[in-house]
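Here is what each chain is made of, one letter per residue.
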Amino acid sequence: MTLQPGYAFSGLLVGLAVGMTGVGGGSLMTPILVLIFGFHPTTAVGTDLLFAAATKTVGTTIHSAGKTVDWSIVRRLATGSVPATILSLLAISYFGINSKAVTTAITTALGVALLLSATSLLFKDQIAHAITRRYPNFGDGSSFKLTIAVGFLLGILVSLSSVGAGALGTIALLILYPRLPIVRIVGSDIAHAVPLTLLAGLGHWYLGTINFHLLETLLVGSIPGIVIGSYAARYAPDRVLKLLLGTILFLVGLKMLSK
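Not measured: the values here are computed from a predicted model.

Calculation rules
- Residues numbered from 1 in each chain as written.
- Predicted model: local features only at pLDDT ≥ 70, side-chain atom pairs only at ≥ 80, totals over all residues.
- Heavy atoms only, no water.
- Salt bridge = Lys/Arg side-chain N within 4 Å of Asp/Glu carboxyl O.
- Helix = DSSP H or I, 4+ residues; strand = E, 2+ residues; numbered from the N terminus.
- Buried < 20%, exposed > 50% of the residue type's maximum accessible area, 1.4 Å probe, protein only.
- pLDDT = per-residue confidence, 0-100.
- Contact = heavy atoms within 4.5 Å.
- Polar contact = N/O pair within 3.5 Å; in protein donor to acceptor, adjacent residues only side chain to side chain.
- Axes fitted to C-alpha atoms, helices over the stretch in contact; angles between N-to-C directions.
- Parallel < 35°, antiparallel > 145°, perpendicular 65-115°, else oblique.
- Nonpolar A, V, L, I, M, F, W, Y, C, P; charged D, E, K, R; others polar.
- Phe/Tyr/Trp six-rings, centres within 6.5 Å; stacked < 30°, edge-to-face > 60°.

## A word on the pattern of salt bridges
Under the counting rule described, the total for this entry stands at one salt bridge. With its nearest N and O atoms 3.8 Å apart, the salt bridge here joins Asp70 to Arg184. Placement of the pair is Asp70 in the loop between helix H3 (41-65) and helix H4 (71-95) and Arg184 in helix H9 (residues 182-207), with a sequence separation of 114 residues. For Arg184, a relative accessible area of 23% puts it in the partly exposed group.

Shown next, in the form of structure tokens:
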């Protein structure tokens, strides 16, 4: 099959966003596939999950080599996310991937996840500061069960929408582990996203929702986009970029909920 320029260009744009801001992969790609290219929500989510697994594997490799991954946090998150992912996939299989109930659930989960991601992106510092000031002892043992609960919630959201592992995971870890350096927060969140998106993506593959030609074309555009975006991030105004991305995610989330 021939390369589709529109898909590759979309991958390039999303790659640029990820490279410059660190978030925006699933948050942008899935809505683009649904709203612009007209893919069925299950196909968009399934394909984007494997897309995310491939791109975040590179990030995990880099963070692991730099010893910026806290594997105990990754295990806690996975303890919650793995069973949640399996349960979500079983529910999709039970009701049928093309059923109205599944389509509605995925569209709703996508809209809610986008709104939550936009809020966390726009007000991350304020939210984290307010909660850690009220509960200053997070990180001294009380965060263990809450981390598992966060993983469970992420497992459901990511399996249904492919959104949430980035922005939501990061802000949750910032709140639960306020004394941990930010680079280890980011590294741990990215590392957890790999098995989460891979498991969910393989489940969607089994259900027949993956478009592999689309996946290959998106990767062709996104890989150079991430590289270019990573270099451009040194010169681009981070605050402006995140404000723009957060606003876009908020508007797209409202659009998904109104479908």
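From this point on, the discussion continues.
## What to know about the confidence of the model for the protein chain
Interpretation of the predicted coordinates at a detailed level should be avoided for regions scoring low in pLDDT. Within the protein chain, residue pLDDT values average 83, and 90% of them lie at 70 or more. At the level of individual helices and strands, the protein chain shows its lowest average pLDDT in helix H6 (residues 124-134), which scores 77, and its highest in H4, which scores 94.

## Details of the side chain of Ser10
Here Ser10 shows up in helix H1 (residues 5-21). Once you skip the residues sitting within four places of it in the chain, Ser10 turns out to touch Met29, Ile32 and Phe37.

## Section: the environment of Thr147
Its place among the elements puts Thr147 in helix H7 (residues 143-161). The buried category is assigned to Thr147, whose relative accessible area is 0%. C-alpha of Thr147 to C-alpha of Tyr177: the two residues are 30 residues apart in sequence and 9.6 Å apart in space. If near-sequence neighbours (up to four positions away) are discounted, Thr147 is found in contact with Ile73, Arg76, Leu77, Leu176 and Tyr177. For Thr147, the side chain forms a polar contact with the side chain of Tyr177, separated by 2.7 Å.

## Focus: the packing of helix H5 (residues 100-122) against H6
Orientation of H5 relative to H6, taken along the N-to-C sense of each, is 80 degrees, at an axis distance of 4 Å. One way to sum up the angle between H5 and H6 is to call them roughly perpendicular. Facing H5, whose interface residues are Thr119, Ser120, Leu121 and Leu122, H6 presents Lys124, Gln126 and Ile127. The residue inventory of the contact of H5 with H6, partitioned by class, reads three nonpolar, three polar and one charged.

## So, the packing of aromatic side chains
Summed over all chains, the structure comprises four aromatic pairs. Plain terms: the ring middles of Tyr94 and Phe95 are 5.1 Å apart, the flat faces sit at 85 degrees to each other, and that makes the pair edge-to-face. Centre to centre, the rings of Trp205 and Phe212 are 5.2 Å apart; their planes meet at 70 degrees, and the pair counts as edge-to-face. Under the relative-accessibility criterion, Trp205 is labelled partly exposed at 48%. One aromatic cluster in this structure is built from Tyr7, Phe37 and Phe39.

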